[in-house]
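Commentary on secondary and tertiary structure
Residue-level listing of the chains:
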Amino acid sequence: MKVAALLLCVAGLTAATETLTSWKLFKARYGRQYESLVEENYRYGIFKKNEERVNNHNLKHERGEVTFTMAMNQFGDMTNEEFNTKMKGYQRQPHLEHVSVLAAGEYLPRTTDLDWREKGAVTPVKNQLQCGSCWAFSTTGSLEGQHFIKKGKLVSLSEQQLVDCSGDYGNFGCGGGNMDSAFQYIKDNKGIDTECSYSYEAKNGHCRFNKTSVAATVTGYVNLEQDNETALLIAVSEVGPISVAIDASHPSFQLCVL
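Along each chain, the written sequence defines residue order, and numbers are assigned to residues from 1. With the structure being a predicted model, the display of local features is reserved for residues of pLDDT at least 70 and the display and counting of side-chain atom pairs for 80 or more, all residues being used for whole-chain, interface and lining totals. Note that the side-chain values use all heavy atoms of the structure and ignore hydrogens as well as water.

Topic: the environment of W23
This is how it is decided: A run of H or I in DSSP counts as a helix once it spans at least four residues, and a run of E counts as a strand once it spans at least two, with each numbered from the N terminus. Note on contacts: a residue pair qualifies if any of its non-hydrogen atoms lie within 4.5 Å across the two residues.
Locating W23 in the fold gives a position in helix α1 (residues 2-30). Along the primary structure W23 and K48 are separated by 25 residues, whereas in three dimensions their C-alpha atoms are 8.2 Å apart. If we skip the residues at most four places from it in the chain, W23 touches Y34, E40, R43, Y44, F47 and D77.

This is how it looks when you write it as structure tokens:
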């Protein structure tokens, strides 16, 4: 019994040491510095719980119980509630007109093996940082693709302009917004500036749109029918990169592989 107890104790110490080592590597990798020891201890407690969640999930993956893995990333010292508050910014509009490009089953796309990145229609991955501006990045991403398809030139567009300038359309900058409202703003504004001329700051600011820096415009937009994957498949294949909203509130999104 004493030997068994000793083995359990050693195993517990080893696990604790590994977690502490992981914590030190996490802080170094993501440049974490906390205001006080109390704050650091609090964050370490959250980190331990998140690491345990990741390890338990990945064990299920090894047993074939789940189809994806999780991993520690820069959100490892945040609770899921904090993650959702700081990183999610989509504001659903309750009365959108849903328009399906083509009815499900009526038409099949020419190909289901299409990657618009390989076509050159997608800019490199961007980081919204701790600002609820996902709606702005979704807007620019799809518009960048459409601009490339129409003009043959890939231009990175300004999310910061949408954050700063589209408040009158029901958007709240880093507090959230909606892609439809952003598209309508760009249409009425007769354009959106380049990323280079109006760079991203991850905070709300004063609108400084410059019409001489306009890189793309919007003539119109439609909404696909909600939960209609066939319509989405057709649209991606035939129209181009599409702006979508998904439920990213779960820990599996917070602690996904980045």
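There is more to say, and it comes next.
Details of the packing of helix α4 (residues 134-151) against helix α6 (residues 179-189)
For clarity, the threshold we go by: What counts as an axis is a line fitted to C-alpha atoms, over the stretch in contact for a helix, and the angles between N-to-C directions run from 0 to 180 degrees. If an angle is under 35 degrees, it is roughly parallel; if it is over 145, roughly antiparallel; if it lies from 65 to 115, roughly perpendicular; otherwise it is oblique. For any pair of crossing helices, the crossing counts as left-handed if the nearer helix is rotated counterclockwise from the farther one by less than a right angle, and right-handed if it is rotated clockwise. When residue character is reported, Ala, Val, Leu, Ile, Met, Phe, Trp, Tyr, Cys and Pro are called nonpolar, Asp, Glu, Lys and Arg charged, and the others, Gly included, polar.
With their axes 9 Å apart at the nearest point, α4 and α6 run at an angle of 55° to one another. Here α4 is positioned oblique relative to α6, judged by the angle of their axes. Seen along the crossing, α4 lies across α6 with a hand that is right-handed. Along its contact with α4, which presents W135, S138, T139, S142 and L143, the element α6 presents M179, A182, F183 and I186. A breakdown of the residues in the contact of α4 with α6 according to their chemical character gives six nonpolar, three polar and no charged.

Considerations on the state of the cysteines
Basically, it comes down to this: Cysteine sulfur atoms are paired as a disulfide whenever they come within 2.5 Å of each other. For each residue, the accessible area found with a 1.4 Å probe, counting protein chains only, is set against the maximum for its type, and the residue is called buried under 20%, exposed over 50%, and partly exposed in between.
A full pass over the atoms with the stated rule returns two disulfides. Residue pairing for C131: its cysteine sulfur links by disulfide to C174, the two sulfurs lying 2.0 Å apart. An S-S torsion of about -95° defines the bridge between C131 and C174 as left-handed. Taken together, the residues C131 in the loop between α3 (80-87) and α4 and C174 in the loop between α5 (159-165) and α6 connect sequence positions 43 residues apart. Under the relative-accessibility criterion, C131 is labelled buried at 1%. For the chain, the disulfide bridges join cysteines in the arrangement 1-3, 2-4, where the cysteines are counted in sequence order.

Some details on α6
The cut-off we apply is this: Definition of a polar contact: a pair of N or O atoms within 3.5 Å, with one able to donate and the other able to accept a hydrogen when the atoms are protein atoms, and with sequence-neighbouring residues admitted only if both atoms are side-chain atoms.
Residues of α6 that are buried: M179, D180, S181, A182, F183, Y185 and I186. At the N-terminal end of α6, a side-chain oxygen is found 2.8 Å from the backbone nitrogen of D180, two or three residues along, and the residue is N178.

Looking at helix α2 (residues 37-62)
Put simply, the rule reads: How far a helix is expected to stretch is found by multiplying one less than its residue total by 1.5 Å.
A rise of 1.5 Å per residue sets the reference length of α2, with its 26 residues, at 38 Å; its end C-alpha atoms lie 37 Å apart and thus fit the reference within 8%. Positioned one or two residues after α2, G64 has a phi angle of 80°, which is positive.

Description of the side chain of T123
Relative to the helices and strands, T123 is located in the loop between α3 and α4. Separated by 2.8 Å, the side chains of T123 and E144 make a polar contact. Ignoring sequence-local partners within four residues, the contact set of T123 consists of E144, L154, V155 and S156.

Here we look at the pattern of salt bridges
Keep this limit in mind: Counted as salt bridges are all cases of a side-chain nitrogen of Lys or Arg within 4 Å of a carboxyl oxygen of Asp or Glu.
Evaluated as defined, the whole model comprises eleven salt bridges. Residues R43 and E82 are paired through a salt bridge, measuring 2.7 Å at the closest nitrogen-oxygen approach. Taken together, the positions of R43 in helix α2 and E82 in helix α3 put the pair 39 residues apart, joining distant regions of the chain. Judged by its relative accessible area of 18%, E82 falls in the buried class. One connected set of salt bridges, linked through shared partners, spans K126, E144, E159 and E195.

Digging into the nonpolar core
Stated precisely, the cut-off is as follows: We call a set of buried residues a nonpolar core when its members are Ala, Val, Leu, Ile, Met, Phe, Trp, Tyr or Cys and they connect through side-chain atoms within 4.5 Å of each other.
Core analysis: the largest hydrophobic core is formed by 18 residues, its most contacted members being W135, L143, L157, L162, I186 and I192. Residues in contact with I192, not counting those within four places in the same chain, are T140, L143, L157, S158, Q161, L162, I186, S213, V214, A215 and A216. Core analysis: the next-biggest nonpolar cluster, separate from the first, contains five residues, W23, F26, Y34 and Y44 among them.

Quick notes on unusual backbone geometry
Glycine aside, negative phi is the norm for most residues, and most peptide bonds take the trans geometry. Residue L129 is not a glycine yet carries a positive backbone phi of 60°. As for its placement among the helices and strands, L129 is situated in the loop between α3 and α4. Classification of L129 as partly exposed rests on a relative accessible area of 43%. With a phi close to 65°, K190 is a non-glycine residue in the positive phi region. Structurally, K190 is set in the loop between α6 and β1 (192-193). Of the residues examined, K190 reaches a relative accessible area of 64% and is grouped as exposed.

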